[in-house]
Amino acid sequence: MKKLVAANWKMNKTIEEAISFVKEFKKIIKNEKNAEIIICPPFTALAALSKELKNSKINLGAQNMHFEDAGAFTGEISPLMLKDIGCKYVILGHSERREIFNENDFLVNKKIIAALKHGLKPILCIGENLEQKNQGKTKEVIEQQLKNCLKNIDKNEISKITIAYEPVWAISRGNPNHKAATKEDAEKGHKFIRGVVEKMFDKSISKNIKIIYGGSMKPENAKELLSMPNIDGGLVGNASLNAKSFAEIISCAN
Ligand code: PEP
């Protein structure tokens, strides 16, 4: 299966910085055919990058969206608008949206349904926080998130969804020295997620769904994480802000 590697820039980069990243990245990226590459800049840089990425193999994604098509929702962006600007992917349910902006599984589920309706491919983020991990609740939390977020999703649509397993305790929050999950722990989580997807849908869906890892992935650990059997790619925050380190991560996705 072709690996999928997505950059989540969070609230970073001006338009000029985003363009200069892409110009450098396009020059240094080597095996772009081996991985599906996605860049998710802040909303303000989407239009500029949509132009910059035209005729390249690099896809554009957004970091969030509202579930309605249009209306009185001050400050929000709709799936129609993301399609209009050239997005193919959208990150939904990121732990920062959940923790800081109080998003819950039920809202994330509405967003996934809306994204699919408009032909956007959701990257659904799930994962336990440190407290839940310490209480031994990792599996329970992941299973509940999957059940809630994937509720009422048509079986035929599931292949359009990528699941990002992001143990919240492994997310760098901008600290380049933060520790990722070990490849064994990450693999355990991914295998469990695949099992839950099988229970919810069927074996073929669970075999084919992409489950990517997020949380302090960087050039130093990408190879070992990406070589695990159930890890189909990565969602990369901090290390995707630099064109060289993001390109190095992608070169590990063989
Ligand atoms: C993220 O928050 O999606 C993420 C993976 O961040 P980082 O790589 O910085 O841990």
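You'll find the structure just up there.
Digging into helix H8 (residues 183–200)
- Compared with the 26 Å implied by 1.5 Å per residue over 18 residues, the 26 Å span of H8 between its first and last C-alpha is a close match.
- Here H8 has its buried residues at Ala-186, Glu-187, Gly-189, His-190, Ile-193, Arg-194, Val-196 and Val-197.
- Considering only its buried residues, H8 is in contact with strand E5 (121–126), helix H7 (138–149), strand E6 (162–165), helix H9 (203–208), strand E7 (210–214) and helix H10 (219–226).

Examining the packing of aromatic side chains
- What the rule picks out here adds up to 3 aromatic pairs.
- Ring plane angle 25° and centroid distance 5.6 Å describe the contact between Phe-21 and Phe-25, whose orientation is recorded as stacked. With Phe-21 and Phe-25 both in helix H1 (residues 15–28) and 4 residues apart, this pair spans about one turn of that helix. Grouping residues by exposure puts Phe-21 and Phe-25 together as buried.
- A centroid spacing of 5.3 Å and a plane angle of 25° characterise the contact between Phe-25 and Phe-246, whose relative ring orientation is stacked. Here the residue Phe-25 occupies a position in helix H1, and Phe-246 occupies one in helix H11 (residues 243–251), the gap between them amounting to 221 residues. Taken as a pair, Phe-25 and Phe-246 share a single burial class, namely buried.
- Chaining the aromatic ring pairs together yields one cluster made of Trp-9, Phe-21, Phe-25 and Phe-246.
- The ring centre of Trp-9 lies 5.2 Å from the NZ or CZ of Lys-13, which sits over that ring.
- Here the guanidinium or amino end of Lys-133 rests over the ring plane of Trp-169, the centre of that ring lying 4.7 Å away.

Thoughts on the site of the ligand
- Taken together, 14 residues are adjacent to the ligand, and Lys-10, His-94, Glu-166, Ser-172 and Ser-216 come closest.
- Within the backbone of Ser-216, one N or O atom sits 2.7 Å away from an oxygen atom of the ligand.

Cut-offs used in this document
Residues numbered from 1 in each chain as written. Predicted model: local features only at pLDDT ≥ 70, side-chain atom pairs only at ≥ 80, totals over all residues. Heavy atoms only, no water. Helix = DSSP H or I, 4+ residues; strand = E, 2+ residues; numbered from the N terminus. Expected span 1.5 Å × (residues − 1). Buried < 20%, exposed > 50% of the residue type's maximum accessible area, 1.4 Å probe, protein only. Contact = heavy atoms within 4.5 Å. Phe/Tyr/Trp six-rings, centres within 6.5 Å; stacked < 30°, edge-to-face > 60°. Lys NZ or Arg CZ within 6 Å of the ring centre and 35° of its normal. Near = heavy atom within 4 Å. Polar contact = N/O pair within 3.5 Å; in protein donor to acceptor, adjacent residues only side chain to side chain.

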